[in-house]
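# Observations on chain architecture
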Amino acid sequence: MLRGSQNLPRRLQAVRERIAAAADRANRSVSEITLLAVTKAQPVDTLRAVADLQVRDFGESYLNEAMTKLDALATLPLTWHFVGRLQANKTRSIAEHFHWVHGLDRLHIAERLSAQRPFHAPPLQVCIQVNLAEEASKGGVPPAELAEFARAVAGLPRLRLRGLMCLPPVESEPARQRVWFARLRTLRDTLNEQGGRLDTLSMGMSADFEGAILEGATVVRIGSALFGPRPARA
Ligand SMILES: *Cc1c(COP(=O)(O)O)cnc(C)c1O
């Protein structure tokens, strides 16, 4: 098994080439697509190695683990994305230390993040998670409630609503997977027709990022394709 940062340059190059090829197929500029390295469960040395290879965007899911890494890499010009489940008792640290939050789906959490965002920092950039298939096991706003929720979030002074995020059901067929991504894009377009200004679609992971790019992803969140299978979480 490939572990640690040993094979990182090769894996990263392969992912970058696949992103470029998918962008090309979609007639999109590769510069519109951000590679977000999801580094949960990876040691700080691996993050350092990724940063040395010119990756600037890092995604973390567990706050305590993330804070150790943010501290260790504080001198590097990195952009930190919180991609995990949001809990009310963790919002202050997230508001103080992260640049982006991807899984926003409850108004009281959004209000806390806005209230707790330090005044010297720019507004916290957020994506609303949409539960496209209304799966009980997953977070996210049901599509029918999205417009009202987006309006409420857009009204919070210290948040900047950038877009939508999804974790769609796993599909074995790429064509089926693309249907979900297309649905998220349509929801974003509808919000923009109603006066929204959402420029971000955070969709696609290691198994399906090419289909997501074909449907308009602007952020792909990639873990195992860069780092190999994650060790089980204790
Ligand atoms: C872990 C995780 C990823 C990365 O998943 P891979 O399949 O390893 O690429 C992406 N998004 C979220 C929200 C995650 O929790």
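Residues numbered from 1 in each chain as written. Predicted model: local features only at pLDDT ≥ 70, side-chain atom pairs only at ≥ 80, totals over all residues. Heavy atoms only, no water.

## Remarks on the overall build of the chain
What counts, and what does not: For the purposes of this entry, the term helix denotes a DSSP run of H or I that reaches at least four residues, the term strand denotes a run of E that reaches at least two, and both are numbered from the N terminus. The globule rule is 2.2 Å times the number of residues to the power 0.38, and the radius of gyration it is compared with is taken over C-alpha atoms. The buried label goes to any residue with under 20% of its type's maximum accessible area, the exposed label to any with over 50%, and the partly exposed label to all in between, with areas taken from a 1.4 Å probe on protein chains only. Contacts were defined at the residue level, with two residues in contact if any of their heavy atoms lie within 4.5 Å. Here, Shrake-Rupley sampling with a 1.4 Å probe gives the accessible areas, and only protein chains in the shown set may cover a residue. Positive: Lys, Arg. Negative: Asp, Glu. His and the chain ends are not part of the count. Every charge is mapped to an atom, namely NZ of Lys, CZ of Arg, CG of Asp or CD of Glu.
Across its full length, the chain holds 9 helices and 8 strands. Over its C-alpha trace the chain gives a radius of gyration of 17 Å, about what one expects of a compact globule, namely 17 Å for 234 residues. Once the C-alpha set of the chain is aligned to its principal axes, its extents read approximately 45 × 40 × 35 Å. Here the chain, with 234 residues, has 51% of them falling under the buried criterion. Pairs at least 24 residues apart make up 56% of the contacts formed inside the chain by residues separated by at least 6 positions. Carbon and sulfur atoms provide 50% of the accessible area of the chain, an area that totals close to 11,400 Å². Placing the 31 positive and 24 negative side-chain charges of the chain at their respective mean positions leaves the two points 3 Å apart.

## Considering the environment of Val-179
Relative to the assigned elements, Val-179 resides in helix H7 (residues 174-193). A relative accessible area of 32% places Val-179 in the partly exposed class. Sequence spacing of Val-179 and Ala-20 is 159 residues, and the spatial spacing of their C-alpha atoms is 21 Å.

## Considering the pairing of strand S3 (residues 79-82)
Along a regular strand, successive side chains alternate from one face of the sheet to the other. Put simply, the test is: For two strands to count as paired, DSSP must find a minimum of two bridges between them. Whether a crossover is right-handed depends on one test, that the path from the first strand over the helix to the second runs clockwise when the strands point away from the viewer.
Two strands pair when backbone bridges link them, and strand S2 (residues 57-60) and S3 are joined in this way by 4 bridges, in the parallel orientation. Residue pairing in the sheet places Asp-57 in a bridge with Thr-79 of S3. In the classification by handedness, the crossover that spans S2, the intervening helix H3 (residues 63-72) and the parallel S3 is right-handed. Sheet topology places S3 next to strand S4 (residues 100-104); 2 bridges connect them, and they run parallel. Paired with His-81 across the bridge in S4 is Trp-100. The β-α-β motif built from S3, the intervening helix H4 (residues 91-97) and the parallel element S4 has right-handed crossover chirality.

## Comments concerning the packing of aromatic side chains
Under the convention used in this document: Planes of paired rings set the category: under 30 degrees apart is stacked, over 60 is edge-to-face and the rest tilted, where pairs are Phe, Tyr or Trp rings (Trp by its six-membered ring) whose centres lie within 6.5 Å.
Tallied over the full model, the rule gives 2 aromatic pairs. Ring geometry for Phe-58 against Trp-80: centres 5.5 Å apart, planes inclined by 35°, an arrangement best described as tilted. Residue Phe-58 is located in strand S2, and its partner Trp-80 is located in strand S3; the two are separated by 22 residues in the primary sequence. In this structure, Phe-58 and Trp-80 share a single accessibility class: buried. Measuring from centroid to centroid gives 5.5 Å for Phe-82 and Phe-98, while their planes differ by 85°, and the two rings are edge-to-face. Of this pair, Phe-82 sits in strand S3 while Phe-98 is found in the loop between H4 and S4, placing the two residues 16 residues apart along the sequence. According to the relative accessible area criterion, Phe-98 is buried, its value standing at 1%.

## Notes on the nonpolar core
Selection rule: Here, the term nonpolar core denotes a set of buried Ala, Val, Leu, Ile, Met, Phe, Trp, Tyr and Cys residues that are joined through side-chain atoms within 4.5 Å.
Ranked by internal contacts, the top residues of the largest apolar core, which has 63 residues, are Leu-104, Leu-113, Ile-128, Val-153, Leu-159, Leu-164 and Ile-213. The element contributing the most residues to this core is helix H1 (residues 8-25), with 6 residues. Setting aside residues no more than four positions away along its own chain, Leu-104 makes contact with Leu-86, Ile-109, Ala-110, Leu-113, Val-126, Cys-127, Ile-128, Gln-129, Val-141, Phe-149, Val-153 and Leu-159.

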